[in-house]
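Residues per chain are reported as follows:
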Amino acid sequence: MLKVYGADICRDCMAMKKIFADKKIEYKYNNIIYNTDNMREFLMIRDHAAIYEEVRNKEGGGIGIPLFVKDERMSFDINEALEWEGKEPVEVSEYEQIAERMGEYIRLQKISI
């Protein structure tokens, strides 16, 4: 089964969740913010996996989510994950539009708290 590491305060993670729901993709979502076991597991990957080398060396840091994992494969690319599941890719512009709406939703939630 596809596993995704993410956080509900990340616009790209929220966009991924919407796209996966629309495409009826089953996956295990490991929220790294609200569960310390998920955070530990994610940090082990982030600290050691080659895919994170650029993220680890990026000035100012970076998180590197959403992270898609299936079998031994890892990717930051939603379309690669969709391909693993036998689904059609999403247009980059569509993904960006959804992510922008999710970002606005997240900002509004912070304001109302």
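Keep in mind that this is a model prediction, so the values were computed, not measured. (Residues numbered from 1 in each chain as written. Predicted model: local features only at pLDDT ≥ 70, side-chain atom pairs only at ≥ 80, totals over all residues. Heavy atoms only, no water.)

Draft legend 1. Just helix α2 (residues 36–48), in detail. Spanning 13 residues, α2 covers 18 Å between terminal C-alpha atoms, matching the ideal 18 Å at 1.5 Å per step. If you check which residues of α2 are buried, you get N38, F42, I45 and R46. The buried residues of α2 occupy one face: seen down the axis, they fall within an arc of 95 degrees. In α2, the exposed positions that point more than 90 degrees away from the buried face belong to T36, D37, R40, M44 and H48. Contact partners of the buried residues in α2: β1 (2–6), β2 (27–31), α3 (53–57), β3 (67–70) and β4 (73–75). (Helix = DSSP H or I, 4+ residues; strand = E, 2+ residues; numbered from the N terminus. Expected span 1.5 Å × (residues − 1). Buried < 20%, exposed > 50% of the residue type's maximum accessible area, 1.4 Å probe, protein only. Arc of directions from axis to C-beta. Contact = heavy atoms within 4.5 Å.)

Draft legend 2. Focus on the environment of L108. Relative to the helices and strands, L108 is located in helix α5 (residues 92–112). In this structure the C-alpha to C-alpha distance between L108 and V92, which are 16 residues apart in sequence, comes to 24 Å.

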